[in-house]
Amino acid sequence: DNNKITIAIDGFSSTGKSTIAKQLANQLGYVYVDSGAMYRAVTLYAMQNNLIGDAYFKEETLIEQLPTIDISFAFNKTLGFAEVFLNGVNVEKDIRTLEVSGFVSQVAAVPEVRKQLVDQQRKIGENKGVVMDGRDIGTVVFPNADLKLFMTASAETRAERRYNELIERGDEVDYQAVLKNVQERDYMDSNRKDSPLIKAKDAIEIDNSNMTIDEQFKVISNLVTKAISNA
Ligand code: CDP
Ligand code: CDP
């Protein structure tokens, strides 16, 4: 219907973007798209095919193979959100490892990768009624989004959140390695040439270092209500 809006949520790693995006999508009956999952899935492909490793990145080969890389989503009723698939295989869990996090910012800096994924993201969002989170949603993917949020929190808070998540999954990681990855991705994502992570001029910044998930939901729900009535 005509009242459906587009909500773009950008920000640094582990600022609670996907948490709020899922809550809003469920509340509004909108589609939630985790754009980071798409970059992570392409990264997993590159790792599985020995195109990226600690000392190498076969960027040209990855670019050649891009047309054969199919990323898709399928809603999982039990989980309440869409899981990501790489060439038909559910990779929702495999893409969240610290190892994938260690390579993803290099893969996401490749313009050809970005173009393929941004085209797909725009198609998914063409009829509005979408909540998308990432790094360039309000600046590049949907510059005309009805509501743009830019989430921040201190690096230590974010690393602690991510560390707890990885430990809960059963991954053996140490806090310092998680903190280092968060800081490295902040830097690489903010300083790449193509679609760097920056706050859109018309985005509302929310620092949730000291907000619980419920508190951030209340604040943002009010912004959404306003945006819908203005649309
Ligand atoms: O969940 P987390 O904040 O750790 O990251 P993510 O949203 O899963 O994104 C993983 C990586 O994908 C980021 O560090 C970026 O390098 C890249 N990304 C991007 O370049 N553009 C987006 N719209 C989303 C993610
Ligand atoms: O999507 P993004 O990487 O920005 O973050 P997320 O996956 O939504 O949140 C990362 C972790 O921080 C999750 O375990 C959330 O439950 C937690 N979180 C929190 O403790 N307090 C907040 N205000 C927001 C998120």
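Residues numbered from 1 in each chain as written. Chains lettered and ligands numbered in written order. Predicted model: local features only at pLDDT ≥ 70, side-chain atom pairs only at ≥ 80, totals over all residues.

*Asks:* Account for the pairing of strand 5 (residues 71–76), naming residues and giving values.
*Replies:* Of all six residues in strand 5, zero are buried; the element is thus mostly exposed. As defined by bridge partners, strand 5 adjoins strand 6 (residues 81–86) across six bridges and the pair is classed as antiparallel. When the sheet's bridge partners are listed, Phe73 is paired in strand 6 with Val84. Remark: four residues form the turn of the hairpin made by strand 5 and strand 6, two consecutive strands paired antiparallel; Gly80 in that turn has positive phi of roughly 85 degrees. (Buried ≥ 20, exposed ≤ 12 C-beta atoms within 10 Å, placed from the backbone. Helix = DSSP H or I, 4+ residues; strand = E, 2+ residues; numbered from the N terminus. Pairing = 2+ DSSP bridges.)

*Asks:* Explain the site of ligand 1 to me, using residue names and the numbers behind them.
*Replies:* Ligand 1 sits among 15 residues. The nearest are Ser13, Gly36, Tyr39, Ala108 and Gly134. When residues of the shell around ligand 1 are traced back to their parent elements, those giving at least two are helix 2 (35–48), helix 4 (98–108) and helix 8 (175–191). (Near = placed C-beta within 6 Å.)

*Asks:* Go over the site of ligand 2 with me, naming the residues and quoting the values.
*Replies:* Close to ligand 2 lie 15 residues; Gly16, Lys17, Ser18, Thr19 and Arg161 are nearest. Examining the composition of the shell around ligand 2, we find that three residues originate from one element, helix 1 (residues 17–28), more than from any other. Looking at the shell around ligand 2, its residues break down into two nonpolar, nine polar and four charged. (Nonpolar A, V, L, I, M, F, W, Y, C, P; charged D, E, K, R; others polar.)

*Asks:* Please give an account of the sheet that holds strand 7 (residues 89–90) that cites residues and values.
*Replies:* In spatial order, the strands read 5-6-7; together these three strands make up an open sheet with antiparallel pairing. At either end of the open sheet lies a strand with only one pairing partner, and these are strand 5 and strand 7. Contacts between helix 2 and the sheet are confined to strand 5 and strand 6, with strand 6 contributing the most and set at about 25 degrees to the helix. (Contact = placed C-beta atoms within 7 Å. Axes fitted to C-alpha atoms, helices over the stretch in contact; angles between N-to-C directions.)

*Asks:* A description of the UniProt feature "domain: Cytidylate kinase" (unreviewed entry) in the chain should follow, citing residues and the corresponding values.
*Replies:* Summarizing the sequence annotation, UniProt attributes the feature "domain: Cytidylate kinase" (unreviewed entry) to residues 7–224 in the numbering used throughout. Between the end C-alpha atoms of residues 7–224 there is a gap of 8 Å, over a span that is 49% helix and 19% strand. (UniProt positions renumbered as here; feature names shortened; annotations may be inferred.)

*Asks:* Give me the pairing of strand 1 (residues 6–11): which residues, what numbers.
*Replies:* In terms of burial, strand 1 is largely enclosed, as six of its six residues are buried. Of the two faces of strand 1, the one holding Thr6, Ala8 and Asp10 and the one holding Ile7, Ile9 and Gly11 are both buried throughout. Sheet topology places strand 1 next to strand 8 (residues 130–134); five bridges connect them, and they run parallel. In the sheet register, Ala8 faces strand 8, and the bridge partner there is Met132. With five bridges connecting them, strand 1 and strand 9 (residues 147–152) associate as parallel partners. Note on strand 9: the bridge partner recorded for Asp10 is Phe150.

*Asks:* Describe the environment of Tyr56, with residues and values.
*Replies:* One can find Tyr56 in strand 4 (residues 56–57). A tally of 9 C-beta atoms within 10 Å means that Tyr56 is categorised as exposed. For Tyr56 and Ile124, which are 68 residues apart along the polypeptide, the C-alpha to C-alpha distance reads 33 Å.

*Asks:* Tell me about the packing of helix 4 against helix 8, and please be specific about residues and values.
*Replies:* Each pair of packed helices can be summarised by the angle the axes make with each other and by the distance between the axes. Where helix 4 contacts helix 8, the two axes come as close as 9 Å, and the packing angle between them is 20 degrees. Looking at the two axes, helix 4 sits roughly parallel to helix 8. With respect to the hand of their crossing, helix 4 and helix 8 are arranged in left-handed fashion. Contacts between helix 4 and helix 8 involve Leu98, Ser101, Gly102 and Ser105 on the former and, on the latter, Ala177, Val178, Asn181, Arg185, Met188 and Asp189. For the contact of helix 4 with helix 8, the class distribution of residues is four nonpolar, four polar and two charged. (Parallel < 35°, antiparallel > 145°, perpendicular 65-115°, else oblique. Left-handed = near helix turned anticlockwise from the far one by under 90°.)

*Asks:* Which residues make up the sheet that holds strand 9, and what values do they have?
*Replies:* Strand order in the open sheet formed by five strands is 2-8-1-9-10, with parallel pairing between adjacent strands. Two strands lie at the open edges of the sheet, namely strand 2 (31–34) and strand 10 (204–207), each paired on one side alone. Neighbouring strand axes in the sheet, compared pairwise and without regard to direction, differ in orientation by 20 degrees on average. Summarising the sheet, strand 2 and strand 8 pair through four bridges and their orientation is parallel. Opposite Val33, over in strand 8, you have Met132 as the bridge partner. The sheet strands contacting helix 1 are strand 1, strand 2, strand 8 and strand 9, and the helix crosses strand 8 at an angle near 175 degrees.

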